[in-house]
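Given next are the chains, with one letter for each unit.
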Amino acid sequence: MATERLDAETVGEAVYDAIRQCAVTLRPDFQKAVEAARDEAAPESREAGVLDRILENARIGVADNVPICQDTGSVWVCLEVGEALAVPGDIFSRVNDAVARAYTDGRLRMSLVRNALFDRANTGDNTPAFCELKLVPGAGAVLHVLLKGGGSDNASRVVMLPPGAGAAGVRSVVLDCVREKAANACPPLVIGLGVGATFDKVAGLAKHALLREVGSPAASAEAAAFEEELLAEVNALGIGPAALGGAPTALAVHLETAPCHIAALPVAVNMGCCAMRSASIKFI
C-alpha cells in the first residue's frame, strides 16, 4: 500500500491473517525443498516414506484448514521499517489482540505460560507475542511472522567461543548441536546460524536466518560456500527425516554474520523444524 505512515491496526490485522495462513500451510519454499528431496530419494526407502507423509500432511492442512503441527507455536513478530516511513510508538499495541483472535478462531493450541519461572499457568490465548522493531534503509516496511514450536527452539543453543576457535569452532558447534538435538527438532530442518554481535543479539541473527527462503542466495560467496560445506557435513551424519536414518537431515543452512568484540566469537544455532511456518508481508 502507498503510505508514509503505518498504523497499529494495519499491523495487527496483518498478524492475524499471517497466523491463520501459517498454521495450516507449509512455507512454499520449504515445501519445494521437501519435494526435491523426495524426488532424489530411493522410491521404496524409509526416507521417501517420511517425506511423502510430510507432503501429505501439508496437503491435508490446506484442504481441511487444520494445523500442520499440533504445536502451533509461540508467535514471533518482526517489523522492518524503512527510514522514510513513520510509525507510532504503539505500533505493536494490536498484536496481542490479533494473536488471541487468530488462535481462538483457528482453534489452535494455546502454548504460552504467564511466567517461565514463577507462574507456569497457561495464559489461555497464546499471548504475549514476542515483537521486534528494526529500522532499515528505504521507504517501506516488511512484517515477518513466525510460528515457532517448542521442540525446535529447545534444540537450539548459544555458545560464546574464544575468537581463536574460528570457522572450525563454529562448525563444531553446529555439528554437536545437530548430533545431540536434531532428533527432537523434527527433521528435515532448516538450520539458522548466527555468528557475531553480542551474547543477547546472536540468537536473533540465527532466528532471522530462518526467514530466508530455501534456495535463495547467501549474503556473499564466502557465506554460500560455508553454508554448503556445513549442510553436507550435517547430512553426512545420517540422522535423516524424522530421525529414522538416511538423508536429508537438513534442507538448508542459513548463515547471518555481524561484527563483534575482538575477544569474542558468539555463535547461535536456531533450528527450524519440518513444519516451517512463517510469512512476510510487505507494506509499500
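Sequence order sets the numbering: in each chain, residues are counted from 1 along the sequence as written. The predicted nature of this model means local features are confined to residues of pLDDT at least 70 and side-chain atom pairs, given and counted, to a pLDDT of 80 or more, with totals for whole chains, interfaces and linings taken over all residues. Side-chain calculation: all heavy atoms of the structure are included, whereas hydrogens and water are not.

In the nomenclature of an unreviewed UniProt entry, the chain corresponds to Fumarate hydratase from the organism Adlercreutzia hattorii. UniProt positions are given in the numbering used here, feature names are shortened, and annotations may be inferred rather than shown by experiment. Annotation of the chain in UniProt includes, under Sequence similarities (unreviewed entry), the sentence "Belongs to the class-I fumarase family."

### Describing the packing of helix H6 (residues 166-181) against helix H8 (residues 221-236)
The convention used is that axes are lines fitted to C-alpha atoms, helices contributing only their stretch in contact, and that angles between N-to-C directions extend from 0 to 180 degrees. Helix and strand definitions follow DSSP, with helices as H or I runs of at least four residues and strands as E runs of at least two, each counted in order from the N terminus. Contact geometry of H6 with H8 gives a least axis separation of 10 Å together with a crossing angle of 35°. Note that H6 runs across H8; the crossing there is right-handed. Contacts between H6 and H8 pair Ala167, Val170, Arg171, Val174, Leu175 and Val178 from the former with Phe226, Glu229, Leu230, Glu233 and Val234 from the latter. In terms of residue class, the contact of H6 with H8 is built from 8 nonpolar, no polar and 3 charged. Each helix crossing is assigned a hand: it is left-handed if the near helix lies turned anticlockwise from the far helix by less than a right angle, otherwise right-handed if that turn is clockwise. Note on definitions: a residue-residue contact is assigned when non-hydrogen atoms from the two residues lie within 4.5 Å. Just so you know the grouping, Ala, Val, Leu, Ile, Met, Phe, Trp, Tyr, Cys and Pro go in nonpolar, Asp, Glu, Lys and Arg go in charged, and all remaining residues, Gly too, go in polar.

### Notes on H6
Expected helix span is taken as 1.5 Å per residue step, with the number of steps being one fewer than the number of residues. Taking 1.5 Å per residue as the helical rise, H6 with its 16 residues ought to reach 22 Å, and the 23 Å between its terminal C-alpha atoms agrees with that figure. Only protein chains enter the area calculation, which uses a 1.4 Å probe; residues under 20% of their type maximum are buried, those over 50% are exposed, and those in between are partly exposed. Considered for burial, the residues of H6 that qualify are Gly169, Val170, Arg171, Val173, Val174, Leu175, Cys177 and Val178. Taken together, the buried residues of H6 touch strand S6 (157-161), strand S7 (189-197), H8 and strand S9 (265-272).

### Observations concerning a nonpolar patch on the surface
Exposure above 30% relative accessible area and the lack of any salt bridge qualify a residue for a patch; like charges then connect within 9 Å, and the nonpolar side chains Val, Leu, Ile, Met, Phe, Trp and Tyr within 5 Å. Per-residue and other accessible areas follow the Shrake-Rupley method at a 1.4 Å probe size, with only the shown protein chains counted as cover for residues. When a carboxyl oxygen of Asp or Glu lies within 4 Å of a side-chain nitrogen of Lys or Arg, that pair is called a salt bridge. Among the surface-exposed residues, Val158, Met160 and Phe199 lie close enough to one another that they form a single nonpolar patch of about 280 Å² accessible area. Looking at the element boundaries, Val158 is found in strand S6. Residue Val158 is classed as partly exposed on the basis of its relative accessible area of 34%.

### Overview of the sheet that holds strand S5 (residues 141-148)
Across the sheet, 4 strands lie side by side as S4-S1-S5-S10; this open sheet has mixed pairing. Both edges of this open sheet fall to strand S4 (130-136) and strand S10 (278-283), since each of them pairs with a single strand only. Ignoring which end each strand starts from, the neighbouring axes of this sheet average 15° apart. When DSSP locates at least two bridges between a pair of strands, those strands are taken to pair. Two elements, S5 and S10, share 6 bridges in a ladder whose sense is antiparallel. Each bridged residue has a counterpart across the sheet, and for Leu143 the counterpart in S10 is Ile281. Contacting strand S1 (74-82), S4 and S5, helix H7 (residues 199-209) crosses the sheet at an angle of about 90° to S1.

### Digging into the side chain of Thr72
Structurally, Thr72 is set in the loop between helix H3 (46-64) and S1. Excluding its chain neighbours within four sequence positions, the residues that come into contact with Thr72 are Pro67, Tyr103, Leu108, Arg109, Leu147 and Arg277.

### Some remarks on the UniProt feature "domain: Fe-S hydro-lyase tartrate dehydratase alpha-type catalytic" (unreviewed entry) in the chain
In the numbering adopted here, UniProt assigns the feature "domain: Fe-S hydro-lyase tartrate dehydratase alpha-type catalytic" (unreviewed entry) to residues 13-281. Across residues 13-281, the secondary structure splits into 38% helix and 25% strand, with the terminal C-alpha atoms separated by 11 Å.

### Side note on the sheet that holds S7
If you walk across this open sheet you meet the 4 strands as S6-S9-S7-S8, and the pairing is mixed. Two strands bound the open sheet, and with one partner strand each, they are S6 and strand S8 (250-260). If you compare each strand with its neighbour and ignore which way they point, the axes differ by 15° on average. The pairing of S7 with S8 spans 8 bridges and is classified as parallel. Paired with Gly194 across the two strands is Glu256, which belongs to S8.

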